[in-house]
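So the chains spell out like this:
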Amino acid sequence: MLQVAVIGSGTMGNGIAHVFAQHGFPVALIDISQPALDKALGTIGKNLDRQVTKGTLSEEDKTSTLGRITTYTSLPEGVAQADIVVEAATENVELKLNIFRELDAHAPAGAILASNTSSISITKIAAVTKRPAQVIGMHFMNPVPVMKLVEVIRGYATSDAVTAQVMDLSRQLGKTPTEVNDYPGFVANRILMPMINEAIITLFEGVAGVEEIDTVMKLGMAHPMGPLQLADFIGLDVCLAILRVLHEGLGNPKYAPCPLLVNMVQAGRLGVKSGEGFYAWTPGSKDLVVAERFRK
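Residues numbered from 1 in each chain as written. Predicted model: local features only at pLDDT ≥ 70, side-chain atom pairs only at ≥ 80, totals over all residues. Heavy atoms only, no water.

As a further point, take the UniProt feature "binding site: NAD(+)" (unreviewed entry) in the chain. Residues annotated in UniProt with the feature "binding site: NAD(+)" (unreviewed entry) correspond here to Gly8, Ser9, Gly10, Thr11, Met12, Gly13, Asp31, Glu91, Lys96, Ser118, Asn142 and Lys273. When the annotated set is filtered for residues lining the second largest pocket, what remains is Glu91. Tracing the sequence through the fold places Met12 in helix 1 (residues 11-22). Residue Met12 is classed as buried on the basis of its relative accessible area, which comes to 19%. (UniProt positions renumbered as here; feature names shortened; annotations may be inferred. 1 Å grid on protein atoms, 1.4 Å probe; cavity = no way out; pocket = protein on both sides within 12 Å on 5 of 7 lines; lining within 4 Å. Helix = DSSP H or I, 4+ residues; strand = E, 2+ residues; numbered from the N terminus. Buried < 20%, exposed > 50% of the residue type's maximum accessible area, 1.4 Å probe, protein only.)

As structure tokens, this is what we get:
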């Protein structure tokens, strides 16, 4: 059985660790903060409890899943035995480059180094390592335990063998892998983020309100969630970062982020994570309430 290491214990990292462990893989979950790791284990436990309640997982399976996850605050120690490392740190270029330099120095020579990045160039990440053929994108969707897609991104030097192995590994997790090439935003965010940005521009220009925009897209286009609500869930700071990658990487003004999005991020209105974005988010409440600023 492959030994898996996951870098970062936030929403994506703990979800990735959850899925690997549930499917029988021993997982080293790594973060610089022990409290963050403890919180991640608590989140994984709650998500497993939901599966038990729904009858899709036994209590015994829950216990064994948690037993396969070991936490580390030391990256060298955590990746020492890894066959594959999945980096799920914040969507920041310099942070990821530094992590991959460190991974290259401490992970076994044969280990695959994967990034869960949703937009940053795999080729650029691979270039800071001495093993570019073993670097690949493994972009899971949020929430990881629920969503079936894994966007598998080949860098310029990623080998056929590594790509095939990651595609097969994704299938072992019960996911549907889709292979794409390494261009800004890949496929998912190259299409999704301009749509979200256009929804924000539509609001910014006064064409319609928050509820109206989301209702049109939900009922008219059969989207399960409106683009403004989805932006809040993704995090407006993350949306802005991805749009900037698209704008810089493709040089097309159509990817320029809406000034309203820029201002909201600067003001700390980041969506669910901050308690307010286009909607007001109250912990424990399922009510969808438009943020006071955007109410008519």
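We now examine the side chain of Asp232. With respect to the secondary-structure elements, Asp232 resides in helix 10 (residues 227-234). Comment: no salt bridge for buried Asp232; closest opposite-charge side chain is Arg269, at 10 Å. Asp232 has contacts with Leu270, Gly271, Val272, Gly277, Phe278, Tyr279 and Trp281, leaving out every residue within four places of it along the chain. (Lys, Arg positive; Asp, Glu negative; His and termini not counted. Salt bridge = Lys/Arg side-chain N within 4 Å of Asp/Glu carboxyl O. Contact = heavy atoms within 4.5 Å.)

Reading across the sheet, the 8 strands line up as 3-2-1-4-5-6-7-8 and stay open at both edges, with mixed pairing between neighbours. This sheet does not close on itself; its edge strands, each paired only once, are strand 3 (69-72) and strand 8 (176-181). With strand direction ignored, the average angle separating the axes of adjacent strands in the sheet is 25 degrees. Of the strand pairs in this sheet, strand 1 (residues 4-7) and strand 4 (residues 84-87) are connected by 4 bridges, and their pairing is parallel. Paired with Val4 across the bridge in strand 4 is Ile84. Sheet strands in contact with helix 2 (residues 34-54) are strand 2 (27-30) and strand 3, and its direction is about 160 degrees off that of strand 3. (Pairing = 2+ DSSP bridges. Axes fitted to C-alpha atoms, helices over the stretch in contact; angles between N-to-C directions.)

Here we come to the packing of aromatic side chains. Summed over the entire model, instances satisfying the criterion amount to 5 aromatic pairs. Their ring planes at 35 degrees and their centres at 5.6 Å tell us that Phe278 and Phe294 sit as a pair that is tilted. Placement of the pair is Phe278 in the loop between helix 12 (259-266) and strand 9 (279-280) and Phe294 in the segment after strand 10 (289-290), with a sequence separation of 16 residues. Classification of Phe278 by relative accessible area gives buried; the value is 0%. For Phe294, a relative accessible area of 16% corresponds to the buried category. (Phe/Tyr/Trp six-rings, centres within 6.5 Å; stacked < 30°, edge-to-face > 60°.)

Moving on, we get to the domain arrangement of the chain. Segmentation of the chain into domains returns domain 1 (4-181) and domain 2 (188-294). Contacts between the two partners involve 6 residues from domain 1 and, on the opposite side, 5 residues from domain 2. Interface of domain 1 and domain 2: buried area, both sides summed, is about 470 Å²; carbon and sulfur atoms make up 59% of it. For the domain 1 face of the interface with domain 2, the top three residues by lost area are Glu91, Ser118 and Ser119, together amounting to 62%. Between the two partners, domain 1 and domain 2, sit 0 salt bridges. Counting every contact that joins domain 1 to domain 2 gives 2 residue pairs in polar contact (both at pLDDT 80 or more). Here the residues of the side of domain 1 that touches domain 2 sort into 1 nonpolar, 3 polar and 2 charged. (Domains from an automatic or database assignment. Buried area = accessible area lost by both parts, 1.4 Å probe. Polar contact = N/O pair within 3.5 Å; in protein donor to acceptor, adjacent residues only side chain to side chain. Nonpolar A, V, L, I, M, F, W, Y, C, P; charged D, E, K, R; others polar.)

Turning our attention to the packing of helix 8 (residues 188-204) against helix 9 (residues 210-221). The N-to-C vectors of helix 8 and helix 9 enclose an angle of 140 degrees; their axes lie 9 Å apart at closest approach. Considering the angle they form, helix 8 stands oblique to helix 9. Read as a crossing pair, helix 8 and helix 9 show a hand that is right-handed. Along its contact with helix 8, which presents Met195, Ala199, Thr202 and Leu203, the element helix 9 presents Val210, Ile213 and Met217. (Parallel < 35°, antiparallel > 145°, perpendicular 65-115°, else oblique. Left-handed = near helix turned anticlockwise from the far one by under 90°.)

Each regular strand displays side chains that alternate between the two surfaces of the sheet. Going residue by residue along strand 4, you find Ile84 and Val86 tucked away on one face and Val85 and Glu87 tucked away on the opposite face as well. Across 4 bridges, the pairing between strand 4 and strand 5 (residues 112-115) is parallel. Note on strand 5: the bridge partner recorded for Val86 is Ala114. Assessed by its sense of winding, the connection that carries the chain from strand 4 through helix 5 (residues 93-106) to strand 5 is right-handed. (Right-handed = clockwise from strand over helix to strand, strands pointing away.)

This part is about the UniProt feature "domain: 3-hydroxyacyl-CoA dehydrogenase C-terminal" (unreviewed entry) in the chain. Within this numbering scheme, the UniProt entry marks residues 185-281 as carrying the feature "domain: 3-hydroxyacyl-CoA dehydrogenase C-terminal" (unreviewed entry). Annotated as 62% helix and 2% strand, the span residues 185-281 places its first and last C-alpha atoms 28 Å apart.

Let's shift gears to unusual backbone geometry. Omega for the peptide link from Asn142 to Pro143 comes to 0 degrees, which places this bond in the cis form. The backbone phi angle of Phe186 is positive, close to 55 degrees, even though this residue is not glycine. Within the secondary structure, Phe186 is located in the loop between strand 8 and helix 8. A positive phi is found at Ala222, a non-glycine position, where the angle reads about 60 degrees. You can see Ala222 is positioned in the loop between helix 9 and helix 10. Look at Ala222 and you get exposed, because its relative accessible area is 64%.

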